[in-house]
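This is what each chain is made of:
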Amino acid sequence: MNLMAIILPVAQAAPPAPGMGTFLLPIALIAVMYFLMIRPQMKRQKEHKAMLEKISKGDEVLTSGGIAGVVTDIGDNFITVEVADNVRIRVQKGSVGNVLPKGTLKSAA
C-alpha cells in the first residue's frame, strides 16, 4: 500500500471550524487555575494578615528565617524580638511565619 496515498488526502482535509469547544478549553483552564492555585493562596494571605494583626507583646514568634523569640515591642512595620537575654533584633512584621504557643521556647531550652 502506498503511504503517500494515505497521508496526502488527510493532510489536505479542511481544519474543523472553530466552535464552542475551542472557547471552552481556555475558560475551563482558567477556572481550574483559580480553584487550585489562586483561591487557596488568597486564603493563606488572609490568615497570615489576621495573624500579624493579633501579635502582641509577650507572644513567642518564629520568623520565616528560623529565628525564634519573644515579642518585646511592636511598631507599624517592624517588631522587636528578644532572642536571648538582652539580645533584641528588629524584624519586619511580614517575616513572622508563626506565633508559637506560650511556653514553647522555655520548654525547648
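Treat the numbers as computed from the prediction; the structure is a model and nothing was measured. (Residues numbered from 1 in each chain as written. Predicted model: local features only at pLDDT ≥ 70, side-chain atom pairs only at ≥ 80, totals over all residues. Heavy atoms only, no water.)

J.: Sorry if this is basic, but what is going on with the environment of Pro40 here?
T.: Summarising the element assignment, Pro40 is placed in helix α2 (residues 20–54). In contact with Pro40, not counting residues within four places along its chain, are Tyr34 and Phe35. (Helix = DSSP H or I, 4+ residues; strand = E, 2+ residues; numbered from the N terminus. Contact = heavy atoms within 4.5 Å.)

J.: Looking at this structure, how should I read the pairing of strand β1 (residues 60–63)?
T.: Walk down a regular strand and you will see the side chains alternate between the two sheet faces. As defined by bridge partners, β1 adjoins strand β2 (residues 68–74) across three bridges and the pair is classed as antiparallel. Each bridged residue has a counterpart across the sheet, and for Leu62 the counterpart in β2 is Ala68. Taking the residues between adjacent antiparallel strands as the criterion, β1 and β2 are bridged by four residues, where Gly66 takes a positive phi near 95°. (Pairing = 2+ DSSP bridges.)

J.: What is the right way to read the side chain of Glu60 from this model?
T.: Inspection of the secondary structure puts Glu60 in strand β1. An unpaired buried charge is present at Glu60: no salt bridge exists, and Lys106, the closest side chain of opposite charge, is 6.1 Å distant. Not counting the four nearest positions on each side in its chain, Glu60 is found in contact with Gly69, Val70, Asn98, Val99, Leu100, Pro101, Lys102, Gly103, Thr104 and Leu105. (Buried < 20%, exposed > 50% of the residue type's maximum accessible area, 1.4 Å probe, protein only. Lys, Arg positive; Asp, Glu negative; His and termini not counted. Salt bridge = Lys/Arg side-chain N within 4 Å of Asp/Glu carboxyl O.)

J.: Explain the confidence of the model for the chain to me, please; I cannot follow it from the model alone.
T.: In regions of low pLDDT, the predicted coordinates are not meant to be interpreted in detail. Confidence in the prediction for the chain averages 85 pLDDT; 80% of positions are at 70 or higher. Within the chain, the lowest mean pLDDT, 55, falls on helix α1 (residues 3–11), and the highest, 96, falls on strand β4 (residues 87–92). (pLDDT = per-residue confidence, 0-100.)

J.: For this particular structure, what's the right way to read unusual backbone geometry?
T.: Glycine aside, the phi torsion of most residues is negative, and most peptide linkages are trans. The backbone of Asn86 sits at a positive phi, close to 60°, despite the residue not being glycine. Along the chain, Asn86 turns up in the loop between β3 (78–84) and β4. Judged by relative accessible area, Asn86 falls into the exposed class, the value being 70%.

J.: When you look at the pattern of salt bridges in this model, what are you seeing that I'm missing?
T.: One side chain can pair with another of opposite charge once the charged atoms of both are near each other. Taken as a whole and judged by the stated rule, the model has two salt bridges. The shortest N-O distance in the salt bridge between Asp59 and Lys102 comes to 3.2 Å. Taken together, the positions of Asp59 in the loop between α2 and β1 and Lys102 in the loop between β5 (96–100) and α3 (104–108) put the pair 43 residues apart, joining distant regions of the chain. With a relative accessible area of 10%, Asp59 lands in the buried category. The closest approach of N and O atoms between Arg88 and Glu82, which form a salt bridge, is 3.8 Å. Under the relative-accessibility criterion, Arg88 is labelled exposed at 52%. A relative accessible area of 22% places Glu82 in the partly exposed class.

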